[in-house]
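# Fold and geometry: a report
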Amino acid sequence: MRGGRGCRGPVSSARCSPWAPLRPSSSAPRRWEKHLRRASLLLPALEAALANFSAGAAGGVVQPLRTVVPVQRHGGFLGVMPAYSAADDALTTKLVTFYEHKKDSSVPSHQATVLLFDPRNGSLKAVLDGSVITAKRTAAVSAIATKLLMPAFAEVLCILGAGVQAYSHYDIFTELFTFKEVRIWNRTKEKAVKFANSVNGPVRVCSSAQEAVTGADVIITVTMATTPILFGDWVKPGAHINAVGASRPDWRELDDELMKNSVLFVDSREAALTESGDVILSGAEIFAELGEVVKGTKPALPEKTTVFKSLGMAVEDTVAAKFVYDSWSAGN
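Residues numbered from 1 in each chain as written. Predicted model: local features only at pLDDT ≥ 70, side-chain atom pairs only at ≥ 80, totals over all residues. Heavy atoms only, no water.

Going by what an unreviewed UniProt entry lists, the protein chain is known as Ketimine reductase mu-crystallin and is assigned to Aquila chrysaetos chrysaetos. Annotation of the protein chain in UniProt includes, under Subunit (unreviewed entry), the sentence "Homodimer. Binds the thyroid hormone triiodothyronine (T3); T3 binding inhibits enzymatic activity." Looking at the protein chain in UniProt, the text filed under Sequence similarities (unreviewed entry) is "Belongs to the ornithine cyclodeaminase/mu-crystallin family." (UniProt positions renumbered as here; feature names shortened; annotations may be inferred.)

### Brief notes about the pairing of strand E15 (residues 306-309)
Of the two faces of E15, the one lined by Thr306 and Phe308 and the one lined by Val307 and Lys309 are each fully buried. Strand direction decides the pairing type here: strand E13 (residues 263-266) and E15, joined by four bridges, are parallel. The residue bridging valine 266 from the neighbouring strand is lysine 309, located in E15. (Buried < 20%, exposed > 50% of the residue type's maximum accessible area, 1.4 Å probe, protein only. Helix = DSSP H or I, 4+ residues; strand = E, 2+ residues; numbered from the N terminus. Pairing = 2+ DSSP bridges.)

### Overview of the side chain of arginine 183
Mapped onto the elements, arginine 183 comes out in strand E9 (residues 181-185). Polar side-chain contacts of arginine 183 include one of 3.4 Å to the side chain of glutamate 181. (Polar contact = N/O pair within 3.5 Å; in protein donor to acceptor, adjacent residues only side chain to side chain.)

### Details of the environment of alanine 39
If you trace the backbone, alanine 39 turns up in the loop between helix H1 (28-32) and helix H2 (43-54). The exposure class of alanine 39 is buried, given its relative accessible area of 7%. Sequence separation of alanine 39 and alanine 140 is 101 residues, and the distance between their C-alpha atoms is 5.8 Å. Sequence-distant contacts of alanine 39, defined by excluding residues within four places in its chain, comprise Lys136, Ala140 and Ile172. (Contact = heavy atoms within 4.5 Å.)

### With respect to the packing of helix H3 (residues 130-149) against helix H4 (residues 164-176)
At a closest axis distance of 9 Å, the pairing of H3 and H4 adopts a crossing angle of 45°. Judged by the inter-axis angle, H3 sits oblique to H4. The handedness of the crossing between H3 and H4 comes out as right-handed. Residues Thr134, Ala135, Thr138, Ala139, Ala140, Ser142, Ala143 and Thr146 of H3 lie in contact with H4, whose contacting residues are Val164, Gln165, Ser168, His169, Ile172, Phe173 and Leu176. Looking at the contact of H3 with H4 residue by residue, the classes come out as eight nonpolar, seven polar and no charged. (Axes fitted to C-alpha atoms, helices over the stretch in contact; angles between N-to-C directions. Parallel < 35°, antiparallel > 145°, perpendicular 65-115°, else oblique. Left-handed = near helix turned anticlockwise from the far one by under 90°. Nonpolar A, V, L, I, M, F, W, Y, C, P; charged D, E, K, R; others polar.)

### Examining empty space enclosed by the protein
Counted according to the given criterion, the structure contains one cavity of 30 Å³ or more. When its volume is computed, the largest cavity comes out at roughly 130 Å³. For the largest cavity, the lining is made up of 15 residues, of which Gln63, Pro64, Leu65, Arg66 and Ala271 are closest to its centre. Those elements that provide at least two residues to the lining of the largest cavity are strand E4 (76-85) and helix H8 (269-275). Tallied by class, residues from the lining of the largest cavity come to nine nonpolar, three polar and three charged. A domain-level breakdown of the lining of the largest cavity finds at least three residues from each of domain 1 (48-132 + 316-330) and domain 2 (139-313). (1 Å grid on protein atoms, 1.4 Å probe; cavity = no way out; pocket = protein on both sides within 12 Å on 5 of 7 lines; lining within 4 Å. Points joined across faces, edges and corners; volume = space filled by probe spheres on them. Domains from an automatic or database assignment.)

Structure representation (structure tokens):
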């Protein structure tokens, strides 16, 4: 978040300049540290939001499918993600761009801004850095899925991809779970090595995705892949997979064998059947929404090989933005 002229702190609010410009800055994580030191702080609010979403109208979540505008000339997309949560009385819209950046790796593949409104009158309360919110809430939801779905004795964590989401997932997974070994693979090995040298803990850099995956109990895919990079015959029976990339209907991270021979959980059925190439192109059957497992209306089945297909939901941004705004307000 960025404060306007005369503002203090990392948020633009109606009390200072809500239209203050948001500019990329390498200091962004430090600005956020006070208000969202750990993604795990979001777990209670996100678990409630997932359950409320899967409860239908009774849960009080109003969230249409995201609108996606292709920018074909430049290989990018603009997504618009509004949501209202009655339980939190919070109203937001996230604007997110995602680009493949096949040549320009200096620019993040995903950039976002969250607008927080006063639901009582529609006025704009704050403009927040949505990139940080997206990284934190996505990793936290993956952690919720893993807590429910991973095998009883999980010792090896594997991360495929070495971007922003790899870091946020590593942070919360090593905070909440105990793994004897963490492995990473990335198409560009230099980025995997940089990741291993940057995090607080030993990480084994693997030369291939297959090497990283073989024998792993929990696997996280956070790539910009458009064709499968994880194959079912590599995966240990009973493993749990968090599939976070491939957010377009023609993009894939997981192959048909893995999708069809695993128990499939999603954040939103409607979104998965519209946006996820892994789900649509494989024809895999969705067993449950994660919120149904949180509610207890569907079993978790941790003894099976499980896949959680995470597309990300606007209500997750809503509760995360409210959490940060409330924390910032309390200090101002």
